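Close look at the chain arrangement
Next come the chains, spelled out residue by residue.
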Amino acid sequence: MSDTPASDHYVTARDGLRLHVREHGARTAPGLPVVCLPGLARTTADFDVLAAALAGDPQRPRRVLALDYRGRGLSDHDPNPDNYTVAVELDDVMAVLTARAVARAVLVGTSRGGLIVMALAAARPGAIAGAVLNDIGPVIETPGLMRIKGYVGKLPQPRDYAEGAEVMRRQFGGQFPRLGDADWLAAARRTWREENGRLVVTYDPKLAHALAALDPEHPLPTLWPQFDALAAVPLMVIRGANSDILSAATVEAMQARRRETTTLVVPDQGHAPLLAEADTIAHIAAFVARCESAAARQLRDGL
């Protein structure tokens, strides 16, 4: 674990909204920074274990940042739910990178975060030294999207965290069959927070607006051009073995397009892998180290 405690920072978006950033490790840490982008209705808390491990790596400590998108976690809610889009969130991510003086980093994107990573590769390619796509790719499976549409903004309000844990178990137990009671309780604490004596979800319920147009009869277009924008940097793809968002066939197609792609399938997990197990963290840490070596070679070659 890192000797440097995590710290909270706030960055002002272009339109004035306040965005929350959670940082682990020292700003002067020698390792290549890592930036973590969560899923659609998720927060920085999803990366606490991974970030602490990477920041506290005894061989190569590094700075790790995680972002709450607008309307999530400790960031301001947007009064206009039309702004809960990948394009606006990409602009927010670029504002955070600039404000927190992150010139180049390895990006770890879970689900929605992976879409933003691909968009960033096209908009600001120099900012990416490597990319980890966690359970997301150029083809997004419609059944999984419809499942997510069915619960975002619609979760019940539990009386306490124990009841919230049961809600999470019922909702996600089929995809995460090995999680125990403590895991589901931790999941509940990442999904709800106490506010005025009651539990509320850690995101703006109006985020459901972003999914309103989803229709099983009209699948989303594929994102191969966006995926190809990552062609110049090392790539790691993580898939939950039980995922209904990223299929095994899509991972194979990604590997065929990028034969040097590092892949990891996480057993007994679905969408999205938690990135909190020692084995998964070790794989990510090794990939980040390879990205750092590749970036150093590029710098030497450029000189």
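Notes on the structure in this doc start here. Here the structure is a predicted model, which means the values were calculated and not measured.

1. Details of helix H6 (residues 181-191)
The periodicity of an α-helix, 3.6 residues per turn, causes residues three or four places apart in sequence to face the same way. Among all positions in H6, only Trp 184, Ala 187, Ala 188 and Thr 191 are buried. Seen along its axis, H6 keeps its buried residues to an arc of 100 degrees; they face one direction. Summarising the geometry of H6, the exposed residues directed more than 90 degrees from the buried face are Ala 182 and Arg 189. Buried residues along H6 sit in contact with helix H5 (161-172), strand E7 (192-195) and strand E8 (198-201).

2. Things to note about unusual backbone geometry
Each neighbour pair has its own omega, and for His 271 with Ala 272 the value is -5 degrees, a cis peptide bond. One non-glycine residue, Ala 101, lies in positive phi territory at about 55 degrees.

3. So, the pattern of salt bridges
Taken as a whole and judged by the stated rule, the model has 21 salt bridges. Put simply, Arg 60 and Glu 292 hold a salt bridge, and the shortest N to O gap is 3.1 Å. On the criterion of sequence distance, the pair formed by Arg 60 in the loop between helix H1 (48-55) and strand E4 (62-67) and Glu 292 in helix H9 (residues 278-302) is long-range, its members being 232 residues apart. By relative accessible area, which is 34% here, Arg 60 ends up partly exposed. A salt bridge links Glu 89 to Arg 112; the shortest N-O distance between them is 2.8 Å. Of this pair, Glu 89 sits in helix H2 (residues 86-99) while Arg 112 sits in helix H3 (residues 112-123), and the two are 23 residues apart along the sequence. In this pair, the class of Glu 89 matches that of Arg 112, namely buried. One network of salt bridges, in which partners are shared, links Asp 15, Arg 70, Asp 78 and Asp 92.

4. Looking at the layout of surface pockets
Quantified by volume, the second largest pocket comes out at close to 220 Å³. Taken together, 15 residues make up the lining of the second largest pocket; nearest its centre are His 20, Thr 43, Thr 44, Ala 45 and Leu 74. Secondary structure elements with two or more residues in the lining of the second largest pocket: strand E2 (18-24), H6 and E7. Along the lines of polarity and charge, the residues of the lining of the second largest pocket split into 3 nonpolar, 5 polar and 7 charged.

Rules used in this analysis
- Residues numbered from 1 in each chain as written.
- Predicted model: local features only at pLDDT ≥ 70, side-chain atom pairs only at ≥ 80, totals over all residues.
- Heavy atoms only, no water.
- Buried < 20%, exposed > 50% of the residue type's maximum accessible area, 1.4 Å probe, protein only.
- Helix = DSSP H or I, 4+ residues; strand = E, 2+ residues; numbered from the N terminus.
- Arc of directions from axis to C-beta.
- Contact = heavy atoms within 4.5 Å.
- Salt bridge = Lys/Arg side-chain N within 4 Å of Asp/Glu carboxyl O.
- 1 Å grid on protein atoms, 1.4 Å probe; cavity = no way out; pocket = protein on both sides within 12 Å on 5 of 7 lines; lining within 4 Å.
- Points joined across faces, edges and corners; volume = space filled by probe spheres on them.
- Nonpolar A, V, L, I, M, F, W, Y, C, P; charged D, E, K, R; others polar.

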